[in-house]
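A look at the structure
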Amino acid sequence: MSSIRANNGQLFFDFRYQGQRCREYTKLTDNAPNRKRMQKVLDKIEAEITLGTFDYARYFPGSKNASRFAGPVDASGTQAGQGTPLYREFAETWFTENRPAWRNSHCATIRSTLDRHLIPAFGEQPVGEITKAGILAFRARLVEVPGRSGNPGLSAKTVNRIIQIHGQILGEAGERYDFTNPVDRIKRLKQQRVDIHPFSMAEVRSLIDTVRPDYRPYLIVRFFTGLRTGELHGLQWRYVDFERRQILVRRNLVRGRLETTKTDGSQREVDLSQPVLEALQVQHEATAGLSDFVFCNAAGAPLDLDNVNNRVWFPLLRHLGLERRRPYQTRHTAATLWLGAGENPEWVARQLGHSDTTMLFKTYSRFVPNLTRRDGSAMERLLAGQITSHRDAHSGVGAVPASHNATTPH
């Protein structure tokens, strides 16, 4: 953090430039007017550092740092005397080093974020020179970037993810080149809570009864297991245990490629209800001899989500006059139906792959009246019973009928 400080009664500048801490001493006496004058100069220095126009020699021509921070970019991508590489060079190093630990889908997300946002914005800056002010200005521009589906700007969730990746890169650079990560001092944007829209049991029945016959088992399994889309489309017959009536969730289909599940907690055993068991038996007769995948196309390849959406899911909703909803709402539907039926929340959490019940109470309580006593009825009954008993004990009510106790004394 830049500041004006004093040593032996004389003031000096204390700031960071290109990842290095710089102290420039003056002969000014430590008093309020001098501090005010120096603060104005320091504010200009910080502004020029943010804009990338700061010339060390112009402000401190006699300093040894004036030559230290001058010089062209060398072949390694580091400016001579700066000590920290350009962002584009370090970002590529960071990406290469971490790629083996990432799932393919996460790797693609990081690559897209680097190429579309971070490297164009910070690529030519040394990592140690990137400031909080510069990052905040970048974030403000991100909010204005047109989003998908005609949205006026990127969502807070997307912006936070971009800044988080930026922070991971600068955090690693800070450890290697000894500077403070400026992202650590930036608060996340507040994300608007996304409402869920589960289907009612009547709507579920209509969808299952109306869908074309070859997709009926698909919808039954979707609605009554709570599987994520990638888990369902990546489900293989070797992970269906008919004897124990379970689906073993072990793989996930992401962008047409099978990967391990999103988290260790996502690897789980999902119990099969009778309708799901029967639907899988029907599906087994249709595809077991054609493909390793439970749900596949005529060529034996796993289903493509866009194809399912455009040819089956959305046309079905329109035909029944139902609100347009993503297929992911089938997962929310399974959760609300289980909870509404009185299933143990811990069992429901395990079915969904949650580590505990926190997400259930946060997400689904308003759809299931008996999940929590948010209407206050339980406390109302408790208080009514206790207060009535206390009143009766002190008023004699119960020993003498109320009508007899209402006489007027003479």
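In the block above lies the structure referred to throughout.
Quick caveat: nothing in here was measured; it's all calculated off a predicted structure. The numbering scheme is per chain: residues are counted from 1 as the chain's sequence reads. Only residues with pLDDT of at least 70 get local features here, since the model is predicted, and only at 80 or more are side-chain atom pairs given and counted; chain-wide, interface and lining totals rely on the full set of residues. Just so you know, side-chain values use all the structure's heavy atoms and leave hydrogens and water out.

**Overview of helix α8 (residues 201–210)**
Only protein chains enter the accessibility calculation, which uses a 1.4 Å probe; a residue whose area is less than 20% of its type maximum is buried, one above 50% is exposed, and one in between is partly exposed. Here a helix means four or more residues in a row that DSSP labels H or I, a strand means two or more in a row labelled E, and each is numbered from the N terminus. The complete set of buried residues in α8 reads V204, L207 and I208. Taken around the axis of α8, the buried residues stretch over an arc of 95°, which confines them to a single face. Note that the arc is defined by the directions from the helix axis to the C-beta atoms.

**A closer look at the pattern of salt bridges**
Any Lys or Arg side-chain nitrogen found within 4 Å of a carboxyl oxygen on Asp or Glu counts as a salt bridge. Inspection of the entire model under this criterion finds 17 salt bridges. Between R35 and D30 there is a salt bridge, with its nearest N and O atoms 2.8 Å apart. Put simply, R228 and E231 hold a salt bridge, and the shortest N to O gap is 2.7 Å. Across the pair, E231 and R228 agree in class, each one buried. The network of salt bridges with shared partners includes R5, D14 and R21.

**Some points on helix α1 (residues 32–51)**
Relative to the 28 Å expected for 20 residues at 1.5 Å per residue, α1 spans 29 Å between its end C-alpha atoms, a close match to the ideal helical length. Within the sequence span of α1, burial applies to N34, M38, L42, I45, E48 and I49. Taken down its axis, α1 places every buried residue within 120° of arc, on the same side. Across α1 from its buried face, at more than 90 degrees, point the exposed residues A32, P33, K36, K40 and L51. Buried residues belonging to α1 abut β1 (3–7), β2 (10–17), β3 (20–29) and α2 (56–59). Any N or O atom pair separated by 3.5 Å or less is treated as a polar contact, with the protein-specific requirement of one donor-capable and one acceptor-capable atom, and with residues adjacent in sequence counted only for side-chain atom pairs. Measuring from the side-chain oxygen of the N-cap residue of α1 to the backbone nitrogen of N34 gives 2.9 Å; that N-cap residue is N31. Just downstream of α1 lies G52, where phi reads positive at about 80°. A helix is expected to reach a length of 1.5 Å times the quantity of its residues less one. Any two residues having at least one pair of non-hydrogen atoms within 4.5 Å are treated as being in contact.

**A few points about the environment of A91**
For A91, the position within the fold is in helix α4 (residues 87–98). On the accessibility criterion, A91 (0% relative accessible area) is buried. The contact partners of A91, leaving out residues within four places of it in the chain, are L114 and I169.

**Focus: the sheet that holds strand β5 (residues 246–249)**
The strands that make up a sheet are held in pairs by hydrogen bonds between backbone atoms, and each pair lies either parallel or antiparallel. Reading across the sheet, the three strands line up as β4-β5-β8 and stay open at both edges, with antiparallel pairing between neighbours. Pairing within the sheet leaves two strands with one partner each, and these edge strands are β4 (240–241) and β8 (268–271). Strand pairing is assigned whenever DSSP identifies at least 2 bridges connecting the two strands. Direction of pairing for β5 relative to β8: antiparallel, over a ladder of four bridges. In the strand pairing of β8, Q246 is matched with D271.

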